[in-house]
Amino acid sequence: MSNPPRIAFLKGHGTENDFVIVPDPDGRLDLPAAAVARICDRRAGLGGDGVLRVVRSAAHPEAHAMADETEWFMDYRNGDGSVAEMCGNGVRVFARYLLHAGLVEAGDLAIATRAGVRRVHLAKTGEVTVSMGRAELPEESVVVTVGGRSWPARNVNMGNPHAVAFVEDLDHAGELRAVPPFSPAGVYPDGVNIEFVVDRGPRHVAMRVHERGSGETRSCGTGACAVAVATARRDGADPAVTGTPVTYTVDVLGGSLSITEQPDGTVEMTGPAVIVAEGTFDPAWAAEALA
Ligand SMILES: N[C@H](CCC[C@H](N)C(=O)O)C(=O)O
């Protein structure tokens, strides 16, 4: 019996939040959590903070409702194989892949995600702008504690949950090898991405992040949006109150993102997206993880 065809993949990153891209237009590949975790393993696998499976919207049950306005669905998984609603850096890299593969032209396109349709502009400069929707700011907040220090953290939802803590020094976040302790735990029953933020100057902050399902990453797009929204509220610059758009530069370990919030609450993120390499892997290798 002939061997099943090898699976094509590409590696890409957005401000060093890196992903394994798996083209699967007809949605035929089964990628259970254990296989995704093996693919993302930085020693035994290809390495990545997550997987972006590229599926036609019409071929994926979670995207059927978006098929009339999008051709492609971003099936995002965290590095541990868990599913997340949205990945901001991932959408930029996903759009970059579509251009790289000749599936779209530069310019405007719409991508289906579990958080809904995201409108993307692929500039000829290489920068990618994503309309990230509106932040939700639930009232309840948590207290994050690391190394004997505690900070209140602002609850911000960008389609996925974030807790944003303003700290004195990014080193105070510690090694971030595990989820930083927070209370009350019940605020985030499905887990949370936790950002630590310091000021760098006017409308300029820097952050570190412990991501749900991936650990500390070099960048988090939805996290940078959550940070910009929380900082605008801290600074009395909420566009819904001032009537004026506000833009923050958010430095991440892997680079810098520009986040603009409009008076109507919509948030736009602009940053780079790079395809680094491409190759194939044997499906049996990924399936071994299921054994
Ligand atoms: N870990 C996140 C998803 C990826 C977010 C991040 N990589 C981004 O660029 O937005 C979560 O479980 O909600």
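The text that follows walks through the structure, step by step, so that each part is easy to find. Since we're looking at a predicted model, the values are computed, not measured.

**Some remarks on the pairing of strand 1 (residues 7-14)**
Walk down a regular strand and you will see the side chains alternate between the two sheet faces.
At step 1: Strand 1 sits mainly inside the fold: 6 of its 8 residues count as buried.
At step 2: One ladder, built from 7 bridges, connects strand 1 with strand 18 (residues 274-281); its direction is antiparallel. Each bridged residue has a counterpart across the sheet, and for alanine 8 the counterpart in strand 18 is threonine 280.
At step 3: As paired strands, strand 1 and strand 2 (residues 17-23) are joined by 5 bridges and run antiparallel to one another. Looking at the pairing, glycine 14 lines up with asparagine 17 of strand 2.
At step 4: Here strand 1 folds back onto strand 2, and the loop between the two strands holds 2 residues, one of which, threonine 15, carries a positive phi near 45°.

**Concerning the pattern of salt bridges**
A side chain of one charge can pair with a side chain of the opposite charge if their charged atoms are brought near each other.
At step 1: This model, assessed by the stated rule, comprises 21 salt bridges.
At step 2: The residue arginine 56 makes a salt bridge to glutamate 71 at a minimum N-O spacing of 2.6 Å. Within this pair, whereas arginine 56 is found in strand 3 (residues 50-56), its partner glutamate 71 is found in the loop between strand 3 and strand 4 (72-78), the two being separated by 15 residues in sequence.
At step 3: Two residues, glutamate 85 and arginine 212, come together in a salt bridge whose shortest N-O distance is 2.7 Å. Of this pair, glutamate 85 sits in the loop between strand 4 and helix 2 (88-100) while arginine 212 sits in the loop between strand 13 (204-211) and strand 14 (215-217), placing them 127 residues apart in sequence.
At step 4: The exposure class of arginine 212 is buried, given its relative accessible area of 13%.
At step 5: Where salt bridges share partners, they join Asp24, Arg53, Glu62, Asp75, Arg77 and Arg114 into one cluster.

The rules behind the values
Residues numbered from 1 in each chain as written. Predicted model: local features only at pLDDT ≥ 70, side-chain atom pairs only at ≥ 80, totals over all residues. Heavy atoms only, no water. Buried < 20%, exposed > 50% of the residue type's maximum accessible area, 1.4 Å probe, protein only. Helix = DSSP H or I, 4+ residues; strand = E, 2+ residues; numbered from the N terminus. Pairing = 2+ DSSP bridges. Salt bridge = Lys/Arg side-chain N within 4 Å of Asp/Glu carboxyl O.

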